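For reference, the chains in residue letters:
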Amino acid sequence: MFRAFATTLLLLLFWQTAQTQVAQDCADAIPICSNTPINGGTNGLGTDDFNGAASSGCLEQTTTGAIESNSAWYRFTTAEAGQLGFNIGHNSNEDWDFALYRSSDCSNLGEPVRCNFFDNSENTSFIGVGEDPTGDEDSVHYEDWLQVEAGEDYYLFINNFSNLNSGFSIQFTGNIWVDYPNNALDCSIVSNLLGPPIAACEGDNVVLDATTSGAISYEWYRDTGSGYQLIAGANGATQNVQNSGQYRVVVATSAERIVSDVQVGFNEVPITGTVSDETFCYEVDMTFDLNSKNAEALGGMDPDDFVVSYHSTQTDADAGVHPLEKQYMLTGASETFYVRTTSLANPECYDASQSFALNVIETPVLRFDEQAVLCEAVGSLEIGETQPDTSYTYQWSTGEQTPSIMVSEAGEYTLTVTNQSNGMVCEASRTVSVEVSTMPMISSIDIKDMSANNTVTINMENNGVYEYSLDGGDYQNSNVFSSVPPGVHTVSMRDPYGCGVVEEDIVVVGYLAIFSPNGDVLNETWQIEGLSTLDSPIVTIYDRYGKLIKQMTEFDSGWDGSFQGKPLPSTDYWFKLSYVDNDGNRTFAKYLQSHFSLRR
């Protein structure tokens, strides 16, 4: 699918004077309607087309004292509507600027509709409108696409800051060339007998046609840099051209002598190297760097001269449309990519004969959790894949070769899953961390500010993660309850893993940790506040040896620190609190800090 075809120019137009291929002045702007070959460069500015203006759009005066330094002017007219852009290709060590004017009058250009003046410190090879053909999406040397309507006139001003330059080429781009490949621009503006400059590919058969009514003779000349030389034997109305150069025809009629010049440039047609298929392990959301195949496609060709693009169909590759993102998001299925290698100097010179396949082997996708909780009361737990793929193999760190296993201890268990196909082994591993959740156990309760509304803290004997509920209310993460009235309450405790619920009855009462019956009226007796909320409460007080010292009910005023009328010594004493529960059984209140101190 090499691009090679005949280009025939059938322009039956008359032209009496020679026309150069680079014009320094707007008034002499070269009319074009297609890509141009690399010209011989620019030298000087001719007449100041901006009449001493300090700026025009993004362009400002240069060291010449004018906006122009070494200028070239072109003009074109749109024949259709659509998206239009262009590339101005040049050597990477040269600095070029441009401005595009929507105008049909050099004396009234107005402000440019597109303009670029950035210096070429990045050593790029293109400036223009649309997209950089090298794929640089962030290039500061490119302006936004232009949306055009049919019949619009434009002047393109191209300027080089340095006196040393090797010329440039113009390549038109945009969807308008996809929709109207042969007539996007109006070629009727080109009145040169031999037509506009011709950009061709090696192997193309370019036919220059100077057919003129009433012609007596034709002479053809070629200039390759040392002046026009007569082409021996070339005396017909047409001339086949296969080499780059400046061509001239001299047509003699009975009334006049017509001279017409045209530039023809041939560019190398790339030959894409063989691009090998790839087979690899695929993972979800995986991308493939298509740039990694560029070296194979280019072979020994210079990447500064050719660009490689990749397409999903042969049709797209041939047309040079819909290139794939270089960081290509894989679909998970094997895919074929069609390779297009294109000349940067002339995008019509390309090769789209190669393709390659990406063969993907799916890496197993592991769907089980990496964290698991073993309920102590249950004793065992199944971990791993519960919906396995029968084509995969499974290997646990325990030595078992099943998709899932039963575990009864805390620890880390690793499963490696393997998918082997066509000699490719794709593996995925995941480690499950198993923790044991023990049932909650209360060690004590703390009651703050004994009153009608208390703050109660449930202290746990074990260090698990639990949720708490009081008297059937909503569960909470905190073990602290506020605004709790005195009396018997039910605390429900559970872990967040569904291992079960434990309920305990607690008694919320208050008492002094220290009392001092020394006759100063303060803390003269010890008693438990809140006994009236209990059914038939009994408080029994003991010394450190377990001897019963005092027994009280809610009707007693408290203990005064004596036994049988005699004061007892300062020390710690213990107590028990019992009451009748809802089932009519006498039970002892649990989790109370059941000792206090007597101080004299």
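For the structure, check the block above.
Bear in mind the structure is a predicted one, so any value in this text is a computation, not a measurement.

Caption draft 1: How the structure looks around the nonpolar core. Membership of the largest hydrophobic core comes to 37 residues, with the highest contact counts inside it found for I458, I506, W526, V539, I541, W559 and L577. If we skip the residues at most four places from it in the chain, V539 touches W526, I528, L531, K550, Q551, M552, F575, K576 and L577. If you look at the next biggest cluster of nonpolar residues, it comprises 29 residues, including F76, L156, I158 and I176.

Caption draft 2: Inspection of the packing of aromatic side chains at higher detail. Under the counting rule described, the total for this entry stands at 26 aromatic pairs. Between F50 and W73 the ring centres are 5.9 Å apart and the planes differ by 40°, which places this aromatic pair in the tilted class. Taken together, the positions of F50 in the loop between β2 (30-31) and β3 (55-56) and W73 in strand β5 (residues 70-77) put the pair 23 residues apart, joining distant regions of the chain. Judged by relative accessible area, which is 0%, W73 ranks as buried. Relative to F575, the ring of Y511 lies with its centre 5.0 Å away and its plane at 70°, an arrangement referred to as edge-to-face. Highlighted residues: Y511 in strand β39 (residues 510-511) and F575 in strand β46 (residues 571-580), separated in sequence by 64 residues.

Caption draft 3: Region of interest: the state of the cysteines. Applying the stated criterion across every chain, the model contains six disulfides. Disulfide pairing is shown between C281 and C426; the S-S distance is 2.1 Å. Measuring handedness by torsion sign, the sulfur bridge of C281 and C426 sits at about -90° and is left-handed. Linking C281 in strand β21 (residues 278-282) with C426 in strand β32 (residues 424-437), this pair joins segments that are 145 residues apart in sequence. Judged by its relative accessible area of 0%, C426 falls in the buried class. For the protein, the bonded cysteines pair up as 1-4, 2-6, 3-5, 7-9, 8-11, 10-12 when numbered in the order they occur along the sequence.

Reading guide: rules and limits
- Residues numbered from 1 in each chain as written.
- Predicted model: local features only at pLDDT ≥ 70, side-chain atom pairs only at ≥ 80, totals over all residues.
- Heavy atoms only, no water.
- Core = buried A, V, L, I, M, F, W, Y, C linked by side-chain atoms within 4.5 Å.
- Buried < 20%, exposed > 50% of the residue type's maximum accessible area, 1.4 Å probe, protein only.
- Contact = heavy atoms within 4.5 Å.
- Phe/Tyr/Trp six-rings, centres within 6.5 Å; stacked < 30°, edge-to-face > 60°.
- Helix = DSSP H or I, 4+ residues; strand = E, 2+ residues; numbered from the N terminus.
- Disulfide = S-S within 2.5 Å.

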